[in-house]
Amino acid sequence: MASAELRDELNCSICLSLYTDPVSLRCGHNFCRSCIVSVLDAQEAGGVYSCPDCRAEYPERPALEKNRKLCNIVERFLSTQPDMEKTRTFCSYCTKSPVPAVKSCLQCENSLCEDHLTVHNQTMDHVLTEPTSSFGNKKCSIHKKVLEYYCSEDDTCLCVSCCLVGKHRGHQVELLDEASEKKKKKLRKYLDEVNPQRAEINARIQSLHNHKGKIQEKASEKRKNMNKLFMNIKEQLEIAEKKVLSEISRQEIKMVSKIEDLIKKMEIKVDELSRKMRHMEEICRVTDPIRLLQESDITVCSPGDDEDTGGDGGQTNSEEVGLVPGEANPKVKDNGTDLKTVLQESDQRASLSDKSVEAKEEAAAVSDDDMADDLEDVLISSILHRSMKDIVTYVTSELGTHVPDILLDVDTAHNYMGLSEDLRTATHLEENQGQPESPGRFQIYCQVLSRCIFSSERHYWEVEWNQIGKWGIGMSYPSIERNGNQSGMAYNDKSWCLILSDKTCSAFHNSVIVIPDVNPTCPTLGVFLDYEAGRLSFYQLCDPIRHLHTFRASFTEPLHVILYVSKGASVNILQ
C-alpha cells in the first residue's frame, strides 16, 4: 500500500490527480500549473488572491515558480507505475485512496488490486482480463454475456448464445485465445516482412544523417576557405589601393615639382621686371633731357644683354657714347657718331630687346600651358584595371573555376540567325541570311553551337536576354542532329537545356520537361559546368541569385554551348 500513500502525496489538492507541471506558491503549497492559474483567474475579480490550501492571502497575484524536484518525483513515480497512467484503472474496492488494479473481472465488472484479487480468486472462478474500466466492449451487446469466441467469417467476437442461437449459428468459430494466436502469427509474419523495410529505411535515414554531417562539414570548410579568400582579396585590394595612390602621389610630385620650378623662374622674371620698372621710374623723374636721352638705351636693355655688354647690366657711361655735359655738339670719341645716330641705334636695340622679352614670355606661357595638363588618368586606370584583373584571376584560380572565352560558330548558325561581329550575340532575323551550305548548320531550329568545346574542368559564364520572344541556353554534344525533330535542343538525348520566355521557364533533356518554380523575367543567367562531376547548373542572376535547375549526367562526349532564339529574341554571351 506504500504506492497508494505515495500517490496521495503526489496528488494536486485541486484536481485530485497527479501533479502536471507542478508549481509552488510562496506559502509552500504545490498545485498543477493549469489548476492554480484557473483559481487565480477566478479570484482576480475580487482583487484578493489566496492559497486554496492554507488561505494565505496575497495583495498581488502571486508569482508561480516551477517545482522541478516535485516534477522529477512525479515522473519517477509514473515510470514505476506505467499501467496506472496508461489505463487509469484503479481497484474498485480501495475507496479511501486509489490503488492501481492488476486485473478486472468481467462477470463482476470490477477491477482488483493485488490484495483484493487474491480474495476474489479464493471465492469465485470468474473470467479475468487486463485492467479495464470499459466492461461493455468485453461483453456481447445483445446477450450481455462474456465474449469467448471469434467468428472468422464475419470477423467479430461472439458469446455462447451468438454461436448457438444467434445469426452466427453454423459459422466457423474458434476460441478467442486460438483466434488471437492466429492473428498474432499473421502479425509476426507481417513484422518479419516489415522489419527489413524498416531496417532499410533506418539505413537510409542513417545515410541521410551521414550525408547531412558531410554537408555541414563541407559547408564549414567552405566557410573557412571563403573567409581566407576574402581576407586575401582584402589584402590584394589594399595593395592595389597603395599602388594607385602611390602612382597618383608620384604624378602629383612630378607635376608639382615642374610647376614649382616654373613659379621660381616666373618669380625671378618678376623681380627683374620690378627692378627695371623702378629704374624707369627713376629716369622718368629726371628733369634734364640730355641726361634722360643719354640713359634711354639703358632703360630698355633686357637682362639677356648683360653678357654682350661686358656684364655691366647694359649700362653705358657718357664717355663711351661721347656725351659730355656742357658741349653743344656732342661727338662720340671713338667714331664721331652724333647724338641722333646714337639715339637711333639705341631705339633699334630697345626694339630687339622688347621682341626678345616677348619671345621668352611666350615660351614661358607655352611651358605654363604644358604644366596645366591633368594627371595621367589612363595610367592610373591601367594600374587599377591590372590589379582588379589579377584579383579576378586569383579568385577563379582559388575556386577552381575557369571563365571561358565563348565565341559562336558561324558554320552551325541557322540561316535566320544573325551573329554579331564579335561572335557573342545571336539574334533571330526576319530574312534568310543566305549562308553557304555546311554539314554542321542547323536546318529547322534557329540554333547555333559555340566554337569552343568543354571536355574537362569546371567552367562558368553568363548570358543576357533582350526579354523578347522565347530563347534557350544549354550544352550539347557535337553529334547532335542538324535536321529533323531530333535536332531541337529540347527533343534529344544529346543536349541539356533551359527554355525561357516572359512567362515560363522549363528544363529539357530527351523531351522530358521539368518546370522550375521561378520568375523568368530576369534577363541575365549564369551557367556552371563541372564536366568530371557531370553537373550542369543554371542560375538566375537577380537579387538574390536563385538556382533554377541542375542536370546530373555522365558526359561521354565533349560539349558545346548551344543557343536557341525565336522571333525577336536576342541573346548575348557576356565577357
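Residues numbered from 1 in each chain as written. Predicted model: local features only at pLDDT ≥ 70, side-chain atom pairs only at ≥ 80, totals over all residues. Heavy atoms only, no water.

Visitor: How would you sum up the overall build of the chain? Please name residues and give values.
Guide: When you go through the chain residue by residue, the secondary structure sums to 11 helices and 25 strands. Taking all 575 residues of the chain together, the buried fraction comes to 32%. By sequence separation, contacts in the chain at least 24 residues apart represent 54% of the contacts at least 6 residues apart. (Helix = DSSP H or I, 4+ residues; strand = E, 2+ residues; numbered from the N terminus. Buried < 20%, exposed > 50% of the residue type's maximum accessible area, 1.4 Å probe, protein only. Contact = heavy atoms within 4.5 Å.)

Visitor: Tell me about the pairing of strand 16 (residues 458-465), and please be specific about residues and values.
Guide: Judged by which residues are buried, strand 16 turns out to be one-sided: His459, Trp461, Val463 and Trp465 face inward and are buried, whereas Arg458, Tyr460, Glu462 and Glu464, on the alternate face, are not. Summarising the sheet, strand 16 and strand 21 (residues 524-530) pair through 7 bridges and their orientation is antiparallel. Bridge pairing links Glu462 to Gly526 in strand 21. Of the pairings in the sheet, the one linking strand 16 to strand 25 (residues 570-573) comprises 3 bridges and is antiparallel in character. From the neighbouring strand, Val463 faces strand 25, where its bridge partner is Ile573. (Pairing = 2+ DSSP bridges.)

Visitor: Outline the sheet that holds strand 10 (residues 156-158), supporting the account with residue identities and numerical values.
Guide: Strand order in the open sheet formed by 3 strands is 10-9-11, and the pairing between neighbours is antiparallel. The open sheet is flanked by strand 10 and strand 11 (173-175), the only strands paired with a single partner. Each adjacent strand pair in this sheet contributes to an overall mean axis angle of 35°, direction not counted. Bridging between strand 9 (residues 149-151) and strand 10 involves 3 bridges; their strand directions are antiparallel. In the strand pairing of strand 10, Cys151 is matched with Thr156. Its contacts with the sheet place helix 7 (residues 176-284) against strand 9, strand 10 and strand 11, and it is angled at close to 95° to strand 11. (Axes fitted to C-alpha atoms, helices over the stretch in contact; angles between N-to-C directions.)

Visitor: An account of the nonpolar core is requested, with residue identities and associated values reported.
Guide: Ranked by size, the top nonpolar core spans 37 residues in total, and within it Trp461, Trp471, Ile473, Leu498 and Leu559 carry the most contacts. Excluding residues that lie within four positions of it along the chain, Trp461 makes contacts with Pro404, Ile406, Phe454, Met475, Leu525, Gly526, Val527, Leu529 and Val561. In this structure, Leu10, Cys12, Tyr19 and Val74 belong to the second largest nonpolar core, which totals 17 residues. (Core = buried A, V, L, I, M, F, W, Y, C linked by side-chain atoms within 4.5 Å.)

None of this, on its own, says anything about what the molecule does.
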